[in-house]
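The primary structure of each chain is shown beneath.
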Amino acid sequence: MTQITSRADCQALDQQDALTSLRDDFILPDGVIYLDGNSLGARPKASLQRAQEVITQEWGTDLITSWNKAGWFELPSSLGNQLAPLVGAEVNEVVVTDSTSINLFKAIAAGLQIQAKDAKRKTIITERSNFPTDIYMAEGITKWLDRGYQIVLIDTPEELPDVINDQTALVMLTHVNYRTGYLHDMAAVTTLIHQHGALALWDLAHSAGALPVHLNAANADFAVGCTYKYLNGGPGAPAFIWVPQRHQAVFNHPLSGWWGHESPFAMAPGFTPTPGIRRALCGTQPIVSLALVGCGLDVFGKTDMQAIRKKSLALTDLFIQLVEQRCASHPLELVTPRDHHQRGSQASFKHPHAYAVIQALITRGVIGDYREPAIMRFGFTPLYVRYVDVWDAVETLRDVLDKQDYDTNLQRNAVT
Ligand SMILES: *Cc1c(COP(=O)(O)O)cnc(C)c1O
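Quick look at the structure, then. (Residues numbered from 1 in each chain as written. Predicted model: local features only at pLDDT ≥ 70, side-chain atom pairs only at ≥ 80, totals over all residues. Heavy atoms only, no water.)

1. Brief notes about the pairing of strand E9 (residues 222–225)
Put simply, the test is: The buried label goes to any residue with under 20% of its type's maximum accessible area, the exposed label to any with over 50%, and the partly exposed label to all in between, with areas taken from a 1.4 Å probe on protein chains only. Helix and strand definitions follow DSSP, with helices as H or I runs of at least four residues and strands as E runs of at least two, each counted in order from the N terminus. At least two bridges found by DSSP between two strands is the condition for calling them paired.
Side-chain alternation along E9 places Phe-222 and Val-224 on one buried face and Ala-223 and Gly-225 on a second face that is also buried. Where strand E8 (residues 199–203) meets E9, 3 bridges bridge the pair, whose relative direction is parallel. Within E9, the position partnered with Asp-203 by the bridge is Val-224. As defined by bridge partners, E9 adjoins strand E10 (residues 240–242) across 3 bridges and the pair is classed as antiparallel.

Rendered as structure tokens:
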């Protein structure tokens, strides 16, 4: 990138940017620079009308006929098909349903069952730095099963080749680390996992909608991810799960609810899973929330993940460059990889007073978030973050740090 030395340089970049017009598809409050779309994506404008339509017409007027007429029953799969190209999946391989935690449960359970034919495969490898719920869900299942399964936590990605062996059942990794933004090489790591006869379960919470993902090309085994982060589905919007065609017939999980049945309305007393991806479903979905996922996905239909990735890297490069130049006198340490091949769509810096500084930034309208230990995390969502936002965010950070305009005695909020 050419050297950016002024706000005007950033405005010029925005003018040339092919994604600029997509910002108009979102509601963003005046005076706010939103660098937390990696935690809760901004609201697509279309979502208000969609919610009104679902509530007044589909629910209010059409009542129960909407299960057929409005396609409610098909929503998990129709939205899954709309999402599929963003993660390199085929049609009929993704459903939008339940939460990421619950989908992890299904994938871990199904994966362990597939591997159970080999009695020595008793370990699940994941990273100590993984998002806690991923580790907790694995812990929950293995403890509950009580069949000698163990969770092995690695501290760096480089440890995987030494730790994986013929006792590994599953390797469960988050593609982009939520704290540091470290990006795994999905294809290479999946190949390594398969060389040892293990299965690769990828969590795409910080990848889906943030960068191109190629699940089938990488020959991955299972994947899950959130829709309320980069996909802008709304707070608590249902998550997704991907099971490739080649595993669908053997994908059996214990949450065998009626939506996964081969003929749910036969009301048979016994469970027979449907042959396709809908066997990953459990029960009735929160339709109002689910319907809004489509509004976020519609915006992605106007561009492509290559364009998004290009801008994402430019934004994070610029942020890192400006922070290092303009806040050079302060004890900030970049914890996000500089190498593009290892970076997601965020930039995280350590600072001794990270929590207080983040709170001061939020007070001034620059919204990032705090993550233990002492990390300030800034997410860059190319659909609505501008280059000029990067400039203004760094200037605000510089001012807060220069003036020490933050309160180190703050009580922590329940949600940081
Ligand atoms: C955000 C996130 C989750 C969230 O899980 P929920 O079930 O939606 O609470 C899970 N895993 C990772 C890696 C995440 O980043």
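2. Re unusual backbone geometry
Residue Pro-373 is reached from Glu-372 by a cis peptide bond, and omega for that bond is -10°. Take Pro-373: it is sitting in the loop between strand E14 (369–371) and strand E15 (375–379).

3. Topic: the site of the ligand
Applied cut-off: Any residue with a non-hydrogen atom lying within 4 Å of a molecule or strand is treated as near it. Polar contact criterion, stated in full: a pair of N or O atoms within 3.5 Å, where within protein one must be able to donate a hydrogen and the other to accept it, and residues adjacent in sequence count only if both atoms are side-chain atoms. Reported accessibility uses the Shrake-Rupley method at a 1.4 Å probe radius. Residues are deemed covered only where the shown protein chains occlude them. Three classes are used, and their members are as follows: Ala, Val, Leu, Ile, Met, Phe, Trp, Tyr, Cys and Pro are nonpolar, Asp, Glu, Lys and Arg are charged, and the others, Gly among them, are polar.
Taken together, 13 residues form the shell around the ligand, and within it Ser-101, Asp-134, His-206, Tyr-228 and Lys-229 come nearest. Between Asp-134 and the ligand, the recorded distance is 2.8 Å, taken from a side-chain N or O atom to a nitrogen atom. The side chain of Tyr-228 places a nitrogen or oxygen atom 2.6 Å from an oxygen atom of the ligand. Considered on its own, the ligand offers 390 Å² of accessible surface; in the complex 86% of this is hidden by protein. Of all the elements in the fold, those that place two or more residues in the shell around the ligand are helix H5 (100–115) and helix H6 (132–145). Split into classes, the residues belonging to the shell around the ligand amount to 4 nonpolar, 6 polar and 3 charged.

4. Considering the packing of aromatic side chains
Short version of the rule: Only rings of Phe, Tyr and Trp enter the pairing, Trp through its six-membered ring, and a pair is recorded when the two centres are within 6.5 Å. The plane angle decides the type: under 30 degrees is stacked, over 60 is edge-to-face, the rest tilted. Cation placement over rings: the criterion is NZ of Lys or CZ of Arg within 6 Å of the ring centroid and within 35° of the ring normal.
Scanning all chains against the criterion turns up 13 aromatic pairs. Note on Trp-67 and Trp-72: the rings are 5.2 Å apart at their centroids and 90° apart in plane angle, and the pair reads as edge-to-face. Residue Trp-72 is classed as buried on the basis of its relative accessible area of 8%. Taking the centre distance of 5.1 Å and the plane angle of 85° together, the rings of Phe-131 and Tyr-178 count as edge-to-face. A residue pair is termed long-range when its members are at least 10 positions apart, and Phe-131 in the loop between strand E5 (123–127) and H6 and Tyr-178 in the loop between strand E7 (168–174) and helix H8 (186–195) qualify at 47 residues. Exposure remark for Phe-131: the relative accessible area of 33% places this residue in the partly exposed category. One aromatic cluster in this structure is built from Trp-67, Trp-72, Phe-73, Trp-258, Trp-259 and Phe-265. When the ring centre of Phe-131 is taken as origin, the NZ or CZ atom of Lys-229, which lies over that ring, is 5.4 Å away. One cation-aromatic arrangement involves Arg-278 over Phe-73; the distance from NZ or CZ to the ring centre is 4.6 Å.

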